[in-house]
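# Notes for the structure review
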Amino acid sequence: MAEPRPPPEAGRPARSPWCPRCPWWKTDAAAAAGLALLALLARLTVAGTAGAVPKDATVYLRGARALADGDWVGGLLAPYPLGTSWVASLPAALGFDLAAGGSLAVALLSAPAAAFVFLLAREGWSRPAALAAGLLAAVAPSPARAGGLVLSQGPHLTLVAAALWAGARALRPGASPGWALGAGLSAGTAALFREEGLLAAGAVLGLLLWRTARPGAGDRRLRLAAGAALCAAGAAAAALPQVSHASSVWGDLAVSRKKRLAAVTVGERLRHESEAAARGDPGRGPGTLAAKLPGDVAETGRALGEALHPLAAAAALLGLLAGARAAGPARDARLLAAAAAGAFSAIALGLQVSLDYLSDRHLLPAAAALLPWAGAGLEGLPRLPRLARWVRPGLEGRAAAIAAVVAAAVLLAKTLIPVGERRAAERETGLALRARLAPGDLVLGNLPRLSFYAGGRGRFLPVGASPDGVLAYARGTGAVILVVDPEDTGRTHPGLVARLAPPEAEEILRSAGGGGEYRIYRVLPAG
């Protein structure tokens with residue numbers, strides 16, 4: 001009697017419930033997990049080779065130290081949103097090193113951004129384009145460096161990408177309103193790290209309402225309206241701790257001590273210019289803003305290109321030009337990504353207009369929304385007329401994969417370049433100063449990283465004060481140490497370095513390295 005034949009699936013890889021026809025290792029879930037793991041490795045490498053914490057990280061780490069030590073008042077008075085300090089405080093409360101543990105915690109929360117960018121891209125683009133987008137999100141320099149250090153942008157990027165993915169799912173025909181709730185909760189939680197995370201909820205809410213109002217919504221209208229309400233409610237509930245914190249600490253609903261969103265507008269800058277012109281200030285008025293605006297737009301574009309990396313930015317432009325049109329759910333996902341990118345770019349432009357200050361990290365949420373377009377651009381690269389003749393018919397997919405891997409390798413190489421010696425020099429100088437400080441000593445200066453490693457309480461030099469004003473401020477605040485970078489201080493406080501000699505102050509430490517020179521003075525009592 002012949003032996004029974006084995007079932008068809010015997011000896012084959014196990015199937016995944018998300019893709020019945022695919023081996024588990026070819027599913028979207030496995031791809032998302034692999035991209036998150038790659039992103040985590042890139043961010044941990046950045047953390048291990050950083051040399052020292054960034055300047056902004058010192059604020060979060062001081063808040064984290066206060067929270068870990070049970071000093072809730074000191075922790076809650078931080079000038080930035082509290083999410084990053086909360087996250088960084090958890091390893092410190094368990095006994096880990098403050099900076100290293102904080103970097104690990106932030107990296108763990110930052111790595112899933114690559115997975116969510118991939119899942120967002122799967123809603124509106126092909127799987128190869130989505131894989132390319134996730135690969136770029138995992139290894140691009142700006143996201144990786146922000147996610148490997150104790151900064152707010154890494155976790156914020158993960159939550160924004162999650163909100164956009166959930167929003168794209170909510171726009172599908174027949175989708176549960178729970179996806180819209182998830183989008184609102186993710187965006188509101190992103191506001192605990194950076195308040196502009198609420199813009200992701202705004203983009204989802206706007207498209208839901210637009211779909212509700214469009215003719216032919218029919219039976220979907222009620223579901224879409226319910227999703228819009230849940231999205232708004234979820235965002236408001238999740239952002240409530242930050243709103244309450246801003247209200248109680250700063251006395252109003254300012255969303256940032258650095259600048260209110262209400263003030264980060266062209267209209268606010270125009271009002272200031274008009275008031276200055278009315279006072280007779282020369283060269284001030286609405287015309288100044290008009291003349292300045294093209295440069296501000298160019299600066300915002302430069303920062304966006306840096307956030308994406310010029311290579312990914314070129315691919316995103318190619319993707320936008322080649323695949324802006326789509327139908328059905330894919331069209332809604334693409335509209336959502338474009339709306340979010342526009343909203344985040346507009347806020348960044350407002351920062352530049354109002355503050356004349358912008359960095360690539362401000363554009364990371366816009367970059368995340370544009371990365372699916374970059375993936376589409378890399379996928380379409382082999383079909384360009386001048387390149388198609390080099391690709392044999394039928395091998396376009398393989399050529400696209402090679403293009404994506406090469407682009408990712410270029411970006412990863414730049415990501416892993418050390419940031420330089422200056423951070424390490426400030427760290428070493430701060431550690432040398434630590435032995436000369438008593439607990440609780442106040443360190444005054446414009447080098448917060450150095451004072452952080454010194455272990456003392458840090459405070460900046462008073463802006464615009466004369467040398468006599470700085471010394472009076474130092475004595476009035478009880479500062480015993482004054483940290484000076486002669487080159488920087490010579491620009492911000494001319495004449496101060498020359499005054500830092502007996503009987504006003506005595507030099508106790510001098511260090512050079514990383515292209516800078518650092519002098520440490522002890523402020524002497526008056527008289």
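As shown above, the structure is provided for reference.
Residues numbered from 1 in each chain as written. Predicted model: local features only at pLDDT ≥ 70, side-chain atom pairs only at ≥ 80, totals over all residues. Heavy atoms only, no water.

## Remarks on the overall build of the protein chain
Across its full length, the protein chain carries 24 helices and seven strands. Here the protein chain holds 527 residues, and 48% of them are scored as buried. Summed over all atoms, the accessible surface of the protein chain reaches about 24,200 Å², with 64% contributed by carbon and sulfur. (Helix = DSSP H or I, 4+ residues; strand = E, 2+ residues; numbered from the N terminus. Buried < 20%, exposed > 50% of the residue type's maximum accessible area, 1.4 Å probe, protein only. Areas by Shrake-Rupley, 256 points an atom, 1.4 Å probe, with all protein chains shown as cover.)

## Section: the pairing of strand S5 (residues 481-484)
Burial along S5 is two-sided: Ile-481 and Val-483 facing one way and Leu-482 and Val-484 facing the other are all buried. Note that strand S3 (residues 442-445) and S5 share three bridges and pair parallel. Paired with Val-443 across the two strands is Ile-481, which belongs to S5. (Pairing = 2+ DSSP bridges.)

## Overview of helix H10 (residues 177-190)
With 14 residues, H10 extends 20 Å between its outermost C-alpha atoms, agreeing within 8% with the 20 Å of an ideal straight helix rising 1.5 Å per residue. All of the buried residues in H10 are Ala-180, Ala-183, Gly-184, Ser-186, Ala-187, Gly-188 and Ala-190. (Expected span 1.5 Å × (residues − 1).)

## Some thoughts on the pairing of S3
Both faces of S3 are covered, namely the face carrying Leu-442 and Leu-444 and the face carrying Val-443 and Gly-445. In this sheet, strand S4 (residues 457-459) lies alongside S3 in parallel orientation, the contact comprising three bridges. What sits directly across from Val-443, in S4, is Gly-458. On the question of chirality, the crossover connecting S3 to the parallel S4 by way of helix H21 (residues 448-454) is right-handed. (Right-handed = clockwise from strand over helix to strand, strands pointing away.)

## Details of the pattern of salt bridges
This structure, assessed with the given rule, holds 15 salt bridges. Ionic pairing is found between Glu-123 and Arg-169, a salt bridge with its closest N-O pair at 3.4 Å. Taken as a pair, Glu-123 in helix H6 (residues 112-124) and Arg-169 in helix H9 (residues 153-170) lie far apart in primary sequence, 46 residues in all. Of the charged contacts in the structure, one is a salt bridge between Arg-499 and Asp-468, with a shortest N-O distance of 2.4 Å. Of the two residues, Arg-499 is situated in helix H24 (residues 496-499) and Asp-468 in helix H22 (residues 467-477); the sequence distance between them amounts to 31 residues. Overall, the relative accessible area of 48% leaves Asp-468 in the partly exposed class. Salt bridges linked by common partners bring Asp-468, Arg-475, Arg-499 and Glu-504 together as one network. (Salt bridge = Lys/Arg side-chain N within 4 Å of Asp/Glu carboxyl O.)

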